[in-house]
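# Survey of secondary and tertiary structure
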Amino acid sequence: WKARPRRGQYRVYRSTDATSLERPIQPIPTQETKGIFVFSTIYNQIVVGPTALDQDSKTDQSIDPLVAQELDRWARRVLPRLDPNRDVIGEYVGIRPGTDQRDYQIHVQY
């Protein structure tokens, strides 16, 4: 197997009475991805993410506007009264190692 940089992009939204969550929402995992989560923070914010997109750069943490729009659509599917134009308060990208394997790989060499 080979490790590559995999980016995870998140969007953070202001929570209102109409968009608050009591429990995290986790999609059913597939062979390719564990899915995009929707969860609330201890600061009463809504977070949507992460994505899982392979990239060549180990340092590029720039926000992709097309991915941001996709996260907005995903958030609206779960919370229809959320207004991305009004409620977005932040977004970020993290880079983690990714492989072509479904789960973590641990190998011992002697």
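Look above for the structure.
Residues numbered from 1 in each chain as written. Predicted model: local features only at pLDDT ≥ 70, side-chain atom pairs only at ≥ 80, totals over all residues. Heavy atoms only, no water.

### Points about the environment of Gly-49
Heads up, the rule is: Here a helix means four or more residues in a row that DSSP labels H or I, a strand means two or more in a row labelled E, and each is numbered from the N terminus. Working definition: with a 1.4 Å probe on protein chains only, accessible area under 20% of the residue-type maximum means buried, over 50% means exposed, and in between means partly exposed. By definition in these notes, contact holds between two residues if any of their heavy atoms fall within 4.5 Å.
Take Gly-49: it is sitting in strand E3 (residues 45-49). Exposure remark for Gly-49: the relative accessible area of 1% places this residue in the buried category. Once the C-alpha coordinates of Gly-49 and Tyr-110 are considered, the two residues, 61 residues apart in sequence, prove to be 38 Å apart. The residues contacting Gly-49, other than those within four sequence positions of it, are Gln-9, Tyr-10, Ile-36, Phe-37, Phe-39 and Leu-71.

### Some thoughts on the packing of aromatic side chains
Cut-off, in case you're wondering: Aromatic contacts are taken between Phe, Tyr and Trp rings whose centres are within 6.5 Å, Trp giving its six-membered ring; a plane angle under 30 degrees counts as stacked, one over 60 as edge-to-face, and the others as tilted.
Summed over the entire model, instances satisfying the criterion amount to one aromatic pair. Ring centres 4.7 Å apart and planes at 15° place the aromatic pair Tyr-10 and Tyr-92 in the stacked group. Separated by 82 residues along the polypeptide, Tyr-10 in strand E1 (residues 4-14) and Tyr-92 in strand E5 (residues 88-98) bring together distant segments of the chain. Judged by relative accessible area, Tyr-92 falls into the partly exposed class, the value being 39%.

### As for unusual backbone geometry
Backbone phi values are negative for most residues with the exception of glycine, while trans is the configuration of most peptide bonds. Following Gly-49, the chain continues to Pro-50 via a peptide bond in cis, the omega torsion being 0°. Located in the positive-phi region is Asn-44, a residue other than glycine, with phi close to 60°.

### Thoughts on the environment of Leu-71
With respect to the helices, strands and loops of the structure, Leu-71 is situated in helix H1 (residues 65-78). On a C-alpha basis, the gap between Leu-71 and Ile-95 in space is 17 Å, while along the polypeptide they are 24 residues apart. Residue contacts for Leu-71: discarding those within four places in its chain leaves Gln-9, Tyr-10, Arg-11, Tyr-13, Ile-36, Val-48, Gly-49 and Thr-51.

### Comments concerning H1
Here is the rule we go by: By definition here, a helix of n residues has an expected span of 1.5 Å times n minus one. This arc is taken over the directions from the axis of the helix to the C-beta atoms.
End to end, H1 covers 20 Å across 14 residues, agreeing with the expected 20 Å (1.5 Å per residue, within 8%). For H1, the full list of buried residues reads Val-67, Ala-68, Leu-71, Asp-72 and Ala-75. Looking straight down H1, one finds that the buried residues subtend no more than 150° of arc, so they occupy a single side. For H1, exposure combined with an orientation more than 90 degrees from the buried face picks out Leu-66, Arg-73 and Arg-77.

### Side note on the nonpolar core
Spelled out, the test is: Put simply, buried Ala, Val, Leu, Ile, Met, Phe, Trp, Tyr and Cys residues joined by side-chain atoms within 4.5 Å make one nonpolar core.
Listed in full, the 11 residues of the largest apolar core are Tyr-13, Leu-21, Ile-36, Val-38, Ile-46, Val-48, Val-67, Leu-71, Ala-75, Leu-79 and Leu-82. Elements with a minimum of two residues in this core: E3 and H1. Take this core: its biggest share by element is three residues, from H1. For Tyr-13, the residues in contact, after removing those within four places along its chain, are Gln-45, Ile-46, Val-48, Leu-71, Asp-72, Ala-75, Leu-82, Pro-84, Asp-87, Val-88 and Ile-89.

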